[in-house]
Amino acid sequence: MKTIHGIQYLRALAALGVVLFHAAERTGHNFAIGAAGVDVFFVISGFIMWVISDRRPVAPLAFLKERLRRIAPIYWLATLVMIGGGVAGLFPNLVLTVEHVVASLMFIPARSPSSGAIWPVLVQGWTLNFEMFFYVVFAASLMLPRHRRLPVMAALFVSLVLTGLAIDTENALFLTYTRPVILEFVAGMIVAEFWLRGKIAGPGFGIVLALGAFTGFATLALLRLPFDERVLGPLAVMLVVATLALEAGGWFQKWTLPTLLGDASYSIYLWHTFAISVVVKAAAIVGLNSVLTLLCAVAAGTLGGTAAYLLIERPLIRRTRSRLPLNRVREAS
């Protein structure tokens with residue numbers, strides 16, 4: 001299976017957006033729109049899973065096994081590092097309980113004893129709770145005939161969202177699995193079906209969509225308008241479709257640095273906050289100004305995550321890779 005280079009580069013861009021968001025947050029700046037990288041990841045995830053299942057049919061349990069091998073080990077390691085730091089007193093605001101730690105490691109949404117928010121021990125792991133839910137439902141859909149999978153999943157996810165709008169509760173599981181953000185996975189699958197059928201428009205349309213998406217993101221950022229997945233989801237879909245349209249037009253080749261960052265995007269996402277914390281604390285000691293601290297934090301988060309990919313994630317993938325060729329098309333995380 002041929003790697004879709006544009007999707008790889010979009011993964012890299014999404015990861016860098018999240019890094020910049022957290023670095024700005026920790027240094028007194030504002031780049032809240034960087035959080036939209038998560039929405040882009042979710043759309044890409046739906047896209048990639050649908051393409052993979054079409055090109056290489058796989059049994060439900062084998063699919064889940066491969067997803068766990070790809071996602072869980074490095075996430076568990078990062079969570080254990082966070083727990084170790086908390087026990088050592090490096091994260092004074094972190095409150096640890098056995099129940100919350102177990103829920104975090106099992107990808108079960110639960111309220112953090114530190115803040116009351118529905119976050120795992122490693123805060124950015126909240127997205128993996130959605131990813132694993134999507135993978136479980138997707139795996140179940142593999143038991144259906146291909147032509148029924150997408151309609152059934154779309155109907156299920158829409159029903160969950162509508163149920164969430166109708167019922168008022170504080171239950172963490174219910175609030176998580178009925179959020180409108182889950183529709184981004186379905187949107188990615190729909191985009192993938194158009195891609196597989198060769199019905200993605202050409203690069204001219206792609207340029208228009210890309211300009212529209214970036215204009216939307218920039219408007220939200222510059223005017224500091226409120227946003228959530230209801231706004232970011234459509235913009236993320238536009239950006240993914242634009243990327244595929246340009247891909248179909250031959251705009252993307254294999255470029256070394258963007259490819260590396262795309263490969264490392266999962267590690268960057270998981271580990272960047274550790275590097276940012278180190279930089280912020282060091283900058284406070286030496287009296288570095290906020291702009292330089294921001295730049296150093298972004299660089300450290302990106303380089304630290306890339307190093308984690310090269311030294312930890314990639315060796316783990318090689319050791320645990322199954323015989324199923326799911327890694328031949330780049331996964332979204």
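Residues numbered from 1 in each chain as written. Predicted model: local features only at pLDDT ≥ 70, side-chain atom pairs only at ≥ 80, totals over all residues. Heavy atoms only, no water.

**Q** Could you give an account of the overall build of the chain, with specific residues and numbers?
**A** Across its full length, the chain holds 13 helices and zero strands. Listing every helix and strand of the chain by position from the N terminus yields α-α-α-α-α-α-α-α-α-α-α-α-α. For 333 residues, the compact-globule estimate of 2.2 N^0.38 gives 20 Å, and the C-alpha radius of gyration of the chain, at 20 Å, lies within 12% of that figure. By its C-alpha atoms, the chain is 60 × 45 × 45 Å across when sized along the principal axes. Counting over 333 residues, the chain shows a buried share of 51%. Surface exposure of the chain reaches about 15,300 Å², of which carbon and sulfur atoms provide 68%. Put simply, the chain has 27 plus and 16 minus side-chain charges, and the middle of one group is 11 Å from the middle of the other. (Helix = DSSP H or I, 4+ residues; strand = E, 2+ residues; numbered from the N terminus. Rg over C-alpha atoms; globule rule 2.2 N^0.38 Å. Buried < 20%, exposed > 50% of the residue type's maximum accessible area, 1.4 Å probe, protein only. Areas by Shrake-Rupley, 256 points an atom, 1.4 Å probe, with all protein chains shown as cover. Lys, Arg positive; Asp, Glu negative; His and termini not counted. Charge placed at Lys NZ, Arg CZ, Asp CG, Glu CD.)

**Q** I'd like a rundown of the side chain of Arg 67, residues and numbers included.
**A** Of note, Arg 67 is situated in helix H3 (residues 60–87). A residue is classified by how much of its surface remains accessible, and Arg 67, at 0% relative accessible area, is buried. For Arg 67, the side chain forms a polar contact with the side chain of Tyr 135, separated by 3.4 Å. (Polar contact = N/O pair within 3.5 Å; in protein donor to acceptor, adjacent residues only side chain to side chain.)

**Q** How would you sum up the packing of aromatic side chains? Please name residues and give values.
**A** Two aromatic rings, taken as a pair, are described by how far apart their centres are and by the angle between their planes. Under the criterion given, the structure shown has 19 aromatic pairs. For the pair Phe 134 and Phe 185, a centre-to-centre distance of 4.5 Å together with 10° between the ring planes defines the contact as stacked. With Phe 134 in helix H5 (residues 126–141) and Phe 185 in helix H8 (residues 183–196), this residue pair connects regions lying 51 residues apart in the sequence. With respect to burial, Phe 134 and Phe 185 carry one shared label: buried. Through successive ring pairs, a cluster of aromatic residues spans Phe 42, Trp 50, Phe 63, Trp 126, Phe 130, Phe 134, Tyr 135, Phe 138 and Phe 185. One residue, Arg 67, lies across the ring of Tyr 135, its end atom 5.3 Å from the ring centre. (Phe/Tyr/Trp six-rings, centres within 6.5 Å; stacked < 30°, edge-to-face > 60°. Lys NZ or Arg CZ within 6 Å of the ring centre and 35° of its normal.)

**Q** Please provide a residue-by-residue account of the side chain of Thr 273, values included.
**A** Positionally, Thr 273 belongs in helix H12 (residues 265–286). On the basis of relative accessible area, Thr 273 is assigned to the buried category, the value being 19%. Looking at Thr 273, its side chain comes within polar contact range of the side chain of Gln 124, at 3.0 Å. Here Thr 273 is in contact with His 22 and Gln 124, once residues within four sequence places are set aside. (Contact = heavy atoms within 4.5 Å.)

**Q** Go over the packing of H5 against helix H6 (residues 146–166) with me, naming the residues and quoting the values.
**A** When two helices pack together, you describe them by how their axes are tilted relative to each other and by the distance separating the axes. Two elements in contact, H5 and H6, have axes separated by 10 Å at closest approach and are oriented at 140°. Judged on the interaxial angle alone, H6 and H5 are oblique. Of the two possible hands of crossing, H5 and H6 adopt the one that is right-handed. Contacts between H5 and H6 pair Phe 133, Phe 134, Val 137, Phe 138 and Ser 141 from the former with Arg 149, Met 153, Leu 156, Phe 157 and Leu 160 from the latter. Here the contact of H5 with H6 is built from residues that sort into eight nonpolar, one polar and one charged. (Axes fitted to C-alpha atoms, helices over the stretch in contact; angles between N-to-C directions. Parallel < 35°, antiparallel > 145°, perpendicular 65-115°, else oblique. Left-handed = near helix turned anticlockwise from the far one by under 90°. Nonpolar A, V, L, I, M, F, W, Y, C, P; charged D, E, K, R; others polar.)

**Q** How would you summarise the pattern of salt bridges if you had to cite specific residues and measurements?
**A** Close approach of charged atoms lets side chains of opposite charge pair. One pass over the full model with this rule turns up seven salt bridges. Where Asp 54 meets Arg 146, a salt bridge forms, and the shortest distance between an N and an O atom there is 2.7 Å. With Asp 54 in helix H2 (residues 36–55) and Arg 146 in helix H6, the pair connects residues that are 92 residues apart, well separated along the chain. The exposure class of Arg 146 is partly exposed, given its relative accessible area of 32%. Residue Glu 229 is joined to Arg 179 by a salt bridge in which the shortest nitrogen-to-oxygen separation is 3.0 Å. In this pair, Glu 229 sits in helix H10 (residues 229–248) while Arg 179 sits in the loop between helix H7 (172–177) and H8, placing the two residues 50 residues apart along the sequence. (Salt bridge = Lys/Arg side-chain N within 4 Å of Asp/Glu carboxyl O.)

**Q** Can you lay out the layout of surface pockets for me, pointing to particular residues and giving the numbers?
**A** Space inside the largest pocket adds up to approximately 1,300 Å³. If you trace the largest pocket, you find 43 residues lining it, with His 22, Glu 25, Trp 119, Val 123 and Gln 124 closest to the centre. (1 Å grid on protein atoms, 1.4 Å probe; cavity = no way out; pocket = protein on both sides within 12 Å on 5 of 7 lines; lining within 4 Å. Points joined across faces, edges and corners; volume = space filled by probe spheres on them.)

**Q** How would you explain unusual backbone geometry if you had to name every residue and give the values?
**A** Even without being glycine, Phe 107 reaches a positive phi, approximately 60°. Structurally, Phe 107 is set in the loop between helix H4 (98–105) and H5.

**Q** Tell me what's going on with the confidence of the model for the chain, and back it up with residues and numbers.
**A** Per-residue pLDDT for the chain has a mean of 92; in total, 95% of the residues score no lower than 70. Least confident of the elements in the chain is helix H13 (residues 290–320), whose mean pLDDT is 93; most confident is H5, at 97. Overall, residues 322–333 carries pLDDT values under 50, and its contacts beyond four positions in sequence, including any with other chains, amount to 37 contacts. (pLDDT = per-residue confidence, 0-100.)

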